[in-house]
Structures are given as C-alpha cells and as structure tokens.
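Read off the chains here:
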Amino acid sequence: MNSLLLLPAVDIAHGQSVRLVKGDLASETTYGEPEAQAQNLVDAGASWIHLVDLDQAYGVGTNLSLLTQVVKNVHTNFQLSGGIKDSQTLSNAITTGATRFNLSTAALLDLPWVESAVAEYGNTLTIGLDIQADLLVARGTKEIVGNLWEVLATLEQFGCARYVVTDIDTDGALSGPNFELLEKICAKTSNPVIASGGVANLADLETLRNMVSRGIEGAIIGQALYAGAFTLEEALAVAGEEAVPSANSEQCKQ
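Just so it is clear, the model here is predicted, and its values are computed rather than measured.

1. Overview of the nonpolar core
1) Next: Val114, Ile127, Leu129, Leu155 and Leu205 are the most contacted members of the largest nonpolar core, which totals 68 residues.
2) Next: Per-element tally for this core: the top contributor is helix H6 (residues 148-158), with five residues.
3) Next: Ignoring anything within four residues of it in the chain, the contact list for Val114 reads Leu103, Ala107, Leu108, Ile127, Leu155 and Phe158.
4) Next: Within the second largest apolar cluster, seven residues are counted, among which are Leu5, Leu7, Ala9 and Ile220.

2. Quick word on the environment of Ile220
1) Next: Assignment of secondary structure puts Ile220 in strand S12 (residues 216-221).
2) Next: Ile220 gets classed as buried once you look at its relative accessible area, which sits at 6%.
3) Next: Setting aside chain neighbours within four positions, we find Ile220 in contact with Leu7, Ala9, His50, Gln79, Val164, Ile194, Ala195, Ser196 and Gly197.

3. Description of the pairing of strand S7 (residues 125-132)
1) Next: Most of S7 is tucked away: seven of the eight residues are buried.
2) Next: Two elements, strand S6 (residues 100-103) and S7, share three bridges in a ladder whose sense is parallel. Counterpart to Asn102 in the pairing with S7 is Thr126.
3) Next: In this fold, S6 hands off to helix H5 (residues 111-121), which returns the chain to S7; that crossover is right-handed.
4) Next: Note that S7 and strand S10 (residues 163-167) share five bridges and pair parallel.

4. Considering helix H3 (residues 64-73)
In an α-helix, one turn spans 3.6 residues, which is why side chains three or four residues apart end up on the same side.
1) Next: By the burial criterion, the buried members of H3 are Leu66, Leu67, Val70 and Val71. Axial view of H3: buried residues confined to an arc of 135°, hence all on one face. Away from the buried face of H3 by more than 90 degrees, exposed residues Ser65 and Lys72 are located.
2) Next: For H3, the secondary structure elements touched by its buried residues are strand S1 (5-13), helix H1 (34-43), strand S4 (48-53) and strand S5 (77-81).

5. Overview of the environment of Thr95
1) Next: As for its placement among the helices and strands, Thr95 is situated in the loop between helix H4 (87-94) and S6.
2) Next: In this structure, the C-alpha to C-alpha distance between Thr95 and Leu64, residues 31 residues apart in sequence, is 8.9 Å.
3) Next: Excluding anything up to four places from it in sequence, Thr95 contacts Leu64 and Thr68.

6. Quick notes on the pairing of S5
1) Next: Counting buried positions over the five residues of S5 gives five, a clear majority of the element.
2) Next: Residues Asn77, Gln79 and Ser81 of S5 are buried on one face, and the alternating residues Phe78 and Leu80, pointing to the opposite face, are buried as well.
3) Next: When S4 meets S5, the two strands line up parallel, connected through five bridges. Along S5, the bridge assignment pairs Ile49 with Phe78.
4) Next: Relative to S6, S5 runs parallel, the two being bridged by two bridges. Note that in S6 the partner of Leu80 across the bridge is Phe101.
5) Next: Read as a crossover between parallel neighbours, the route from S5 over H4 to S6 is right-handed.

About the thresholds
- Residues numbered from 1 in each chain as written.
- Predicted model: local features only at pLDDT ≥ 70, side-chain atom pairs only at ≥ 80, totals over all residues.
- Heavy atoms only, no water.
- Core = buried A, V, L, I, M, F, W, Y, C linked by side-chain atoms within 4.5 Å.
- Buried < 20%, exposed > 50% of the residue type's maximum accessible area, 1.4 Å probe, protein only.
- Helix = DSSP H or I, 4+ residues; strand = E, 2+ residues; numbered from the N terminus.
- Contact = heavy atoms within 4.5 Å.
- Pairing = 2+ DSSP bridges.
- Right-handed = clockwise from strand over helix to strand, strands pointing away.
- Arc of directions from axis to C-beta.

So, in structure tokens, the structure goes:
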C-alpha cells in the first residue's frame, strides 16, 4: 500500500502558534512559540510542515519575518500558506525560503494572474480550494469566488500541480474529513490532492491512506494532533510514512 504524506500544521497569529475551529478567529487556542512547535514536530518525525500566516489570510497583518525565521531555523520542508493571493504576497512568501507555496482561494478571483503564476513557478505552487457546498469561498472575507467545479476545470487547463482541499465546515471541527468531496475532486483531476481539515482520529488517516491510489497524496493534520487524539508518531505509522530523524532532517530541504 502506498504511504500517505502527513503535513502537520503550524498556524501563526499575532506571533503565536494557534488553532481555529472552522476558520473562526473567535475560536482561537494558543500553543506557544511557532519555532518551538515546528521543531517539536520535526523531532517527532515530520518531513513536511504546513506553515500558515493567519494574520495575512484574514487581512489583519503579516508574520513574514517570523515565518522566515522558522523556515531558516527548523530544517524540514515547508508548505507556506495564508493570504498568498497576488504578485506581492507571493514574492514575499518566496523570500522565506519555504519549499512550496499554497495560493489562497482568494487568488482565484484573478484567474489570469493564477495562470501566469503557475506558468512561472510550476510545481512549487499548490492551489488552495476552500469549499462550502460546492462553492469556493475566500477565507477571511467569506467572498464567494465561484462554483468549485467550473473553477477547477479552468485550473486544470492551467496545468496546476496539486490542490489543497479544505471543507470549511469540517476544518478544525474534529468531525472527520469530507471523504465524498475528496473522492469527487480526485475524479476530476489527475493531479495530487492534499486533504485539509476534519481529521479526528487514526481511522480517518487510514481511510485517507486507502485513497492514495485514487489521487490523495497527503493530509494536513492539526486540531486532533494538538488536542492529543493521537501522537505524530502514531499518525506516521498509520500513514505508512517513515519518520525522519531530526538529526538528518536538514537533508529534507529541497
């Protein structure tokens, strides 16, 4: 059986590592220093970290210098996310030295720019699809971007490398991923899909691993991990991903 790539999340707001439920800022729980949090995940075997600037995503500031510090000091692969929606925010993100950059759903309001960015940066970009009832919804502003399936068809024509799929109603809610939605998206693309949001237990990870042959590449895990539903070591074992010892983790940087 193929392994499922795990990307534990470190979400940053006002300089701290936090978790939200369904993207609601009022639900914030704080978990301390982001660099220490990221290092703990690497020490536990993480080969990738999904690093999110929530302040930028919600248009209330930026943690660019802190993101840069975390990427520089913690030696692993980083998928950077949060408010990357235009040339300036993408250029800023690239300066952090992260491995990959996740364009926000808000970026899809300007599809010509997305097309040009994909043409220029290719496999270093992922496309964030924040979804609510078949609609793409920009995180933060709640602006409706368009119909998921129509926009996805256009993105496929652009040659996008991979998608990060979040069902807003399950994100951080520990209610289980929207497996039906993930199945439908995998049927519409031959590109890898990363499931984001809703993972509540190891059984959810086992189900996602069983979907690898259908196009699921990985899973972003956050709330369940921080709430103690399972350890990262346990999650890696279920996912079939070999833990990366922190002493060798600098070799992971691409």
